[in-house]
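Fold and contact review
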Amino acid sequence: MKLYSTLDRKIVDIIPNKEGEMSIYSCGPTVYFRMHIGNIRAYVNWDILHRALLYLGYDVKRIMNITDVGHMTSDEDFGEEKFDIQASKEGVQPIDIANKYINTVLDDFRTLNILAPNGQVIPEELTYEGVREYGWPRATEYIEQMIEIIRKIESNGYTYETEQALYFDVTKIPDYTIFTGQRLEEKEEGVREEVGVDPNKKNPADFVLWMKKVGKYANHIMSWQSPWGEGFPGWHIECTTMSTAILGKDFDIHTGGIDHIPVHHTNERAQNIGAFGHDAVKYWIHNEWLVTKDDAKLSKSEGNASDLPGYLSLGYDPMDIRYLFASINYRTRIQMSKEALDGARNARLSIKRKVQELGDTVGNVIPEYIDRFKIELENNLNVSGVFALLNELLKSSNNKEDTLATVLEFDKVLGLDLNIEEEEDINQEVEEYAKQRDVARENKDYTKADECRKMIEDAGYIVMDTPEGTKYRRK
Ligand code: AMP
Ligand code: ZN
């Protein structure tokens, strides 16, 4: 498998620590709201990676964290705590907020055929209570382990303490800014306004390992005892702890969006070095953004991103959205627009129609196509190559049964339900003409029936008189 390694700045061969295995940590959702469509892009991309590795025969050990405490409104340390804000808005406890939105993550993942991090299909009955067994560790369940790791970082000499917090001193890591290649002074520009909050913070880029329940956070709702006083963990230590506690101090792949490169992953790497003397991650892999038509990142804070139910209410099928994200490489920016979604929908339905024409009998897979499919996957998840291959297969002269068997193999990775029959929704205007046409035909008024047929065709549909009655589908 070849993937783009952010630290190597190029596509590299992914050589796992243990042959045949692939341990993966995916930065997961902060569950204080229903995730937006930009988050979903990330999860579909990494679901494709996960399914591809399974298909290629790897023993995949994957987890995805759930952040349910300690995430501030900005990626910096002294924002407002997202859970506290949402809890007071909804008049409940922060933990209830987390539980509620974990359930919506499960709903959205199920709707989009995204596998659980442990590789299983998410059962209907799974709720927030059972997620751990499916590969979703929750930050609040790892507080003890976080304190352990912070103590290690402290005894290795990478920290200092103020009245407000225990900090990681980034100047102790010589190549701290390796991800971005920035000089530390450049990086510090962006976080300068924070210095005022804690006058004893030494460098603007230093970050919190443990925030004390004092000062600005005296009323913080969730807190735990620690060697540094009552308080709560910083966001970055959550990921370092859960990843290494479960996957070990040397794991293969860490995924996340490119927004995490300059702060969150830079800090996770620093913590790994502080705690274990080396970075626990072998390959850092990042997905590009989902953006607006004006190329702005879709994000909760900008208020420019709708959630999955929002898009479904516009009449799109969940598989239109999955198709859009699955058909474009994880390193390519995607614009979210009506045109993009309509294009995805048409391309998907066109493939599906061809698959339906293959009938129901599943023959034998065609080895040549499976080999070429694997080559595309191994080539940095070249999904456009996969779809070109799929279209070539559907046009080929192979028999229907074997073609179907091969398509179904492709769909193990694509997850697009290509063999499941789908009622195409017909727009209201067409439905009206369709009814009028049926009445006209019953009355043997063929002139009127023909007129209706023409109106239906002009609206972009094909009329098919089949033994089971008249059917309509998009051209
Ligand atoms: P967060 O809950 O903000 O940490 O986001 C969860 C995941 O979604 C992270 O891996 C982010 O990098 C990713 N993400 C957030 N917004 C976008 C976006 N507009 N496009 C792609 N990925 C995103
Ligand atoms: Zn993370």
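Every value quoted in this text rests on a predicted model; they were computed, and no experiment measured them. (Residues numbered from 1 in each chain as written. Chains lettered and ligands numbered in written order. Predicted model: local features only at pLDDT ≥ 70, side-chain atom pairs only at ≥ 80, totals over all residues. Heavy atoms only, no water.)

**Considering the coordination of the zinc ion (ligand 2)**
Convention followed: Donor atoms (N, O, S) are those found within 2.8 Å of the metal centre, with the cutoff raised to 3.2 Å for Na, K and Ca; water is not part of the atom list, so apparent gaps in a site can occur. Put simply, DSSP marks the helices as runs of H or I at least four residues long and the strands as runs of E at least two long, and each gets a number from the N terminus on.
Surrounding the zinc ion (ligand 2) are the protein donor atoms C27 (SG), C239 (SG) and H264 (NE2), at 2.1 to 2.2 Å. For the zinc ion (ligand 2), the single-chain donor residues occur in sequence as C-x211-C-x24-H. Of this pair, C27 sits in the loop between β3 (21-26) and α1 (37-55) while C239 sits in helix α6 (residues 235-247), and the two are 212 residues apart along the sequence.

**Topic: the packing of aromatic side chains**
To keep things clear, this is the line we draw: Stacked, tilted and edge-to-face are the three classes applied to pairs of Phe, Tyr and Trp rings, where Trp contributes its six-membered ring and a pair requires centres within 6.5 Å; stacked means planes under 30 degrees apart, edge-to-face means over 60, and tilted covers the rest. Residue exposure (1.4 Å probe, protein chains only): buried if accessible area is under 20% of the type maximum, exposed if over 50%, otherwise partly exposed.
Counted according to the given criterion, the structure contains 15 aromatic pairs. Ring geometry for W46 and Y330: centres 5.3 Å apart, planes at 50 degrees, overall tilted. Of the two residues, W46 is situated in helix α1 and Y330 in the loop between α9 (318-326) and β12 (334-335); the sequence distance between them amounts to 284 residues. Here W46 matches Y330 in class, with each residue buried. Ring centres of W210 and W228 lie 6.2 Å apart, and the angle between their planes is 45 degrees; this geometry places the pair in the tilted category. Remark: W228 occurs in the loop between β7 (207-212) and β8 (231-233) and W210 occurs in strand β7; sequence separation between them is 18 residues. Classification of W228 by relative accessible area gives buried; the value is 4%.

**A short note on the site of ligand 1**
To be explicit about the condition: Proximity criterion: a residue is near a molecule or strand once any of its heavy atoms comes within 4 Å of it. Contacts described as polar in this section are N or O atom pairs within 3.5 Å, which, within protein, must combine one atom able to donate a hydrogen with one able to accept it, while residues neighboring in sequence count only if both atoms come from side chains. Calculation of accessible area relied on Shrake-Rupley with a 1.4 Å probe; when residues are assessed, cover is drawn exclusively from the protein chains displayed.
Close contacts around ligand 1 come from 17 residues, with N39, G257, D259, L290 and L298 the closest. With respect to ligand 1, the backbone of G257 contributes an N or O atom lying 3.0 Å from an oxygen atom. N287 is positioned with one of its side-chain polar atoms (N or O) 3.2 Å from a nitrogen atom of ligand 1. Burial of ligand 1 by the protein amounts to 93% of the accessible area it has alone, namely 490 Å². Put simply, the parts of the chain that give the shell around ligand 1 at least two residues each are α1 and β9 (251-257). Sorting elements by how many residues they give to the shell around ligand 1 places α1 first, with four residues.

**Side note on the environment of K354**
Using the following cut-off: The contact rule is simple, with two residues in contact once any of their heavy atoms fall within 4.5 Å.
Assignment of secondary structure puts K354 in helix α10 (residues 338-356). Here the alpha-carbon distance between K354 and L394, two residues 40 residues apart in the chain, equals 6.8 Å. Residues contacting K354, with those up to four places away along its chain left out, are N391 and L394.

**Some words on the domain arrangement of the protein**
The parts lose accessible area when they come together, and the size of an interface is often stated as this lost area. Let me state the cut-off plainly: Segmentation of the chain into domains, including their bounds, is taken from an automatic or database domain assignment.
Each assigned domain of the protein is listed with its residue range as follows: domain 1 (143-235), domain 2 (308-414) and domain 3 (428-474). Each of domain 1 and domain 2 has a C-alpha centre, and the two are 46 Å apart.

**Some remarks on the environment of M455**
Mapped onto the elements of the fold, M455 is located in helix α15 (residues 446-458). Residue M455 is classed as partly exposed on the basis of its relative accessible area, which comes to 37%. Spatially, the C-alpha atoms of M455 and N219 are 66 Å apart, while their sequence positions differ by 236 residues.

**So, the sheet that holds β9**
What holds strands together in a sheet is hydrogen bonding between their backbones, with the strands either parallel or antiparallel. Formally: Two strands make a pair as long as DSSP finds a minimum of two bridges between them. Simply put, an axis is a line fit to the C-alpha atoms, just over the touching stretch for a helix, and the angle between two N-to-C directions goes from 0 to 180 degrees.
One open sheet accounts for four strands, arranged β4-β3-β9-β10; its pairing is parallel. Taken across any chain shown, the strands that pair with only one partner, and hence form the sheet edges, are β4 (59-64) and β10 (281-287). Across the sheet, the mean angle from the axis of one strand to that of its neighbour is 20 degrees, orientation sign disregarded. Pairing analysis gives six bridges linking β9 to β10, with the strands arranged parallel. Considered in β10, the bridge of H254 is made with W284.

**Observations concerning the sheet that holds β7**
Taken in spatial order, the four strands of this open sheet run β5-β6-β7-β8, and their pairing is antiparallel. At either end of the open sheet lies a strand with only one pairing partner, and these are β5 (159-161) and β8. Within the sheet, the average angular offset between the axes of one strand and its neighbour, ignoring direction, is 20 degrees. In terms of strand pairing, β5 meets strand β6 (residues 165-168) through three bridges, oriented antiparallel. Residue Y160 lies in a different strand from β6, and its bridge partner there is Y167. Running over the sheet, helix α7 (residues 261-276) touches β6 and β7 and is turned about 80 degrees from β7.

**So, the side chain of T292**
Here T292 shows up in the loop between β11 (290-291) and α8 (308-312). Every residue in contact with T292, bar those within four places of it in the chain, is listed here: L298, N304 and Q335.

**Focus on the pairing of strand β1 (residues 2-5)**
Here β1 pairs with strand β2 (residues 10-13) via four bridges, running antiparallel. Bridge assignment links S5 to a residue of β2, and that residue is K10. Remark: four residues form the turn of the hairpin made by β1 and β2, two consecutive strands paired antiparallel; R9 in that turn has positive phi of roughly 60 degrees.

**Concerning the nonpolar core**
As a reminder of what qualifies: The nonpolar core is taken to be a set of buried Ala, Val, Leu, Ile, Met, Phe, Trp, Tyr and Cys residues, with the residues joined through side-chain atoms within 4.5 Å.
Membership of the largest hydrophobic core comes to 86 residues, with the highest contact counts inside it found for M1, W136 and F325. The leading source of residues in this core is α1, at eleven residues. Residue contacts for M1: discarding those within four places in its chain leaves V12, D13, I14, L49, A52, L53, L56, Y58, L377, E378 and L381. Ranked by size, the runner-up nonpolar core spans 39 residues in total, among them Y25, I63, I150 and M242.

**Thoughts on the packing of α6 against α7**
Cut-off, in case you're wondering: Note on angle classes: values under 35 degrees are labelled roughly parallel, values over 145 roughly antiparallel, values of 65 to 115 roughly perpendicular, and the remainder oblique. A clockwise turn of the near helix away from the far one marks a right-handed crossing, whereas an anticlockwise turn of less than a right angle marks a left-handed crossing. Here the term charged refers only to Asp, Glu, Lys and Arg, the term nonpolar to Ala, Val, Leu, Ile, Met, Phe, Trp, Tyr, Cys and Pro, and the term polar to all other amino acids, Gly among them.
Contact geometry for α6 and α7: axes closest at 9 Å, N-to-C directions at 55 degrees. Between α6 and α7, the interaxial angle falls into the category oblique. Considering how the two elements wind past one another, α6 and α7 form a crossing that is right-handed. Every residue of α7 that contacts α6 at W235, H236, I237, C239, T240 and T244 is listed here: V263, H264, N267, E268, Q271, N272 and F276. Residue composition of the contact of α6 with α7, grouped by class: five nonpolar, seven polar and one charged.

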